[in-house]
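Here is how the chains run, residue by residue.
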Amino acid sequence: MGYGELGANMLGGLVKRHEVVTVLTHVAEFGGLGEPDVEQLAGKLGIPLVFSATAAEPDLWRRAEELAPDVIVSTNWRTRAPIELLRIPRLGSLNVHDALLPEYAGFGSVNWSIRDGRTEIGLTVHFMDAELDTGPVVTRALVPIGPHDTAGAVLSKLLDEYVPVTLRALELVESGHRGERQPATGGTFYHRIGVEDTRIDWRDGTTQVYNLVRGQSDPFLNAWTTHNGGRLYVKVARPPERGYCGTPGRVVRAAEGGVAVACGRRGDPDARGLILLQVATEDGPPVRAVDYFTKMGGYLE
């Protein structure tokens, strides 16, 4: 069960070591995403392909029963899978979640982890049950997050670990390992990230705004602000070498290879501003901030 680049990456790794009898995926335009990766790879490999939005069709369950799989592997399946399907495989159903469960269950774990200033992330292979990301943990892989890593860079690191950690989990499950139960309390669940969740609040300090920008880097929805009545995406930024202070959102001056914008509340030691390096309007290509801001002054909101 999979979708997009992550799902195709997993499929490509699994077929080298295991027999994949059927692939379940979403249509390419599922949720407006437009990611046909799994469909294209399954077609190239000649593996039977089934499309579904929710995997809730009884006909699909009957087909799975007829196939009698040893295990289901889920990677980037975009909806809650019904328990009727998950109980069919002889050895159970496994999911690969891009966080160190029980923390960061749910959605957008790469983005939220960076926005929260975390220094590590990872992958958790766990048995699937009726509730999202709560089943027993089979194994994990740790991935560091550097202080200037973007979400795109972290995603690339994680992508290298998906197949190895899953192959290791399958070996453990085949040998009888049933996983370790997650604690019933103390974990965290994060909601999907929408447009309003990525708007910059210039009253926040330098670290928080910087973490938002790098946590929402390409290929994800970028952090944004408004300028001259339109939305302006901040694609690349960095903390300043010296503080550029004042009213939050004020475009201070060209500095340090970009444009300095004040942020944070005066008196806060982290109110040092941010250097914008690359920005983009809603309908324009990415440009250097020094080329976009033709004059200084004014405010971002």
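You'll find the structure just up there.
As the structure is a computational prediction, the values presented were derived from the model and not from experiment. (Residues numbered from 1 in each chain as written. Predicted model: local features only at pLDDT ≥ 70, side-chain atom pairs only at ≥ 80, totals over all residues. Heavy atoms only, no water.)

Once that is clear, we can look at the environment of Ile121. Residue placement: Ile121 occurs in strand 6 (residues 120–127). As a C-alpha pair, Ile121 and Gln208 span 87 residues in sequence and 18 Å in three-dimensional space. (Helix = DSSP H or I, 4+ residues; strand = E, 2+ residues; numbered from the N terminus.)

In total, this model carries five aromatic pairs according to the counting rule given. Summarising the aromatic geometry, the rings of Tyr104 and Tyr190 are spaced 4.7 Å apart at their centres and angled 15° between planes, so their arrangement reads as stacked. Linking Tyr104 in the loop between strand 4 (93–97) and strand 5 (105–106) with Tyr190 in strand 8 (residues 189–190), this pair joins segments that are 86 residues apart in sequence. For Tyr104, a relative accessible area of 5% gives the class buried. Aromatic side chains Tyr292 and Phe293 sit 4.8 Å apart centroid to centroid with 90° between the ring planes, which places their arrangement in the edge-to-face category. Accessibility expressed as a relative area gives 23% for Tyr292, which makes it partly exposed. Classification of Phe293 by relative accessible area gives buried; the value is 3%. (Phe/Tyr/Trp six-rings, centres within 6.5 Å; stacked < 30°, edge-to-face > 60°. Buried < 20%, exposed > 50% of the residue type's maximum accessible area, 1.4 Å probe, protein only.)

Listed in full, the buried residues belonging to helix 3 (residues 58–67) are Leu60, Trp61 and Ala64. The buried residues of helix 3 occupy an angular sector of 100° when projected down its axis, which confines them to one face. Exposed residues lying more than 90 degrees from the buried face of helix 3 are Asp59, Glu65 and Glu66. Where helix 3 is buried, its residues touch strand 1 (23–25), strand 2 (49–51) and helix 4 (83–86). A positive phi of about 50° marks Ala68, the residue just after helix 3. (Arc of directions from axis to C-beta. Contact = heavy atoms within 4.5 Å.)

Attention now goes to the environment of Lys235. Positionally, Lys235 belongs in strand 10 (residues 230–238). With a relative accessible area of 14%, Lys235 lands in the buried category. Taking C-alpha positions, Lys235 is 30 Å from Val163, a pair spaced 72 residues apart along the chain. In this structure Lys235 touches Val213, Asp218, Asn222, Gln278, Val279, Ala280 and Pro286, once residues within four positions along its chain are discounted. Here Asp218 takes part through its side chain, which lies 3.0 Å from a polar atom of the side chain of Lys235. (Polar contact = N/O pair within 3.5 Å; in protein donor to acceptor, adjacent residues only side chain to side chain.)

What follows concerns unusual backbone geometry. Going from Leu101 to Pro102, the amide bond is cis rather than trans, its omega being 15°. Tracing the chain through its elements places Pro102 in the loop between strand 4 and strand 5. Cis peptide bonds are those with omega within 30 degrees of zero, and the linkage from Asp218 to Pro219 qualifies with 10°. Along the chain, Pro219 falls in the loop between helix 7 (206–215) and strand 9 (223–227).

The next point concerns the state of the cysteines. As used in these notes, a disulfide is a covalent bond between sulfur atoms, one from each of two cysteines. Counting across every chain of the model gives zero disulfides. In this model Cys245 remains outside any disulfide bridge; the closest cysteine sulfur is found in Cys263, 8.6 Å from its own. Cys245 sits in the exposed class, given a relative accessible area of 53%. The class for Cys263 is buried, based on a relative accessible area of 2%. (Disulfide = S-S within 2.5 Å.)

Moving on to the pattern of salt bridges. Here the structure, examined in full by the defined rule, presents 10 salt bridges. Of the charged contacts in the structure, one is a salt bridge between Asp218 and Lys235, with a shortest N-O distance of 3.0 Å. Remark: Lys235 occurs in strand 10 and Asp218 occurs in the loop between helix 7 and strand 9; sequence separation between them is 17 residues. (Salt bridge = Lys/Arg side-chain N within 4 Å of Asp/Glu carboxyl O.)

Moving on, we come to the sheet that holds strand 4. Here we have four strands laid out as an open sheet, ordered 3-4-6-7, and mixed in their pairing. Two strands bound the open sheet, and with one partner strand each, they are strand 3 (72–74) and strand 7 (137–144). Strand-to-strand twist in this sheet, taken as the mean axis angle between neighbours without regard to direction, amounts to 15°. Pairing analysis gives four bridges linking strand 4 to strand 6, with the strands arranged antiparallel. (Pairing = 2+ DSSP bridges. Axes fitted to C-alpha atoms, helices over the stretch in contact; angles between N-to-C directions.)

A few words now on the nonpolar core. Where a protein is soluble and globular, its nonpolar side chains tend to be buried together. With 29 residues, the main nonpolar core has Met10, Leu94, Val110, Ile121, Val154, Leu158 and Tyr162 as its most contacted residues. Secondary structure elements with two or more residues in this core: helix 1 (4–14), strand 4, helix 5 (109–115), strand 6, strand 7 and helix 6 (151–174). It is helix 6 that contributes the most residues to this core, 12 residues altogether. When sequence neighbours within four positions are dropped, the list of residues in contact with Val110 reads Asp98, Ile121, Ala151, Val154 and Leu158. Residues Val209, Leu232, Cys263 and Leu274 belong to the second largest nonpolar core, which totals 20 residues. (Core = buried A, V, L, I, M, F, W, Y, C linked by side-chain atoms within 4.5 Å.)

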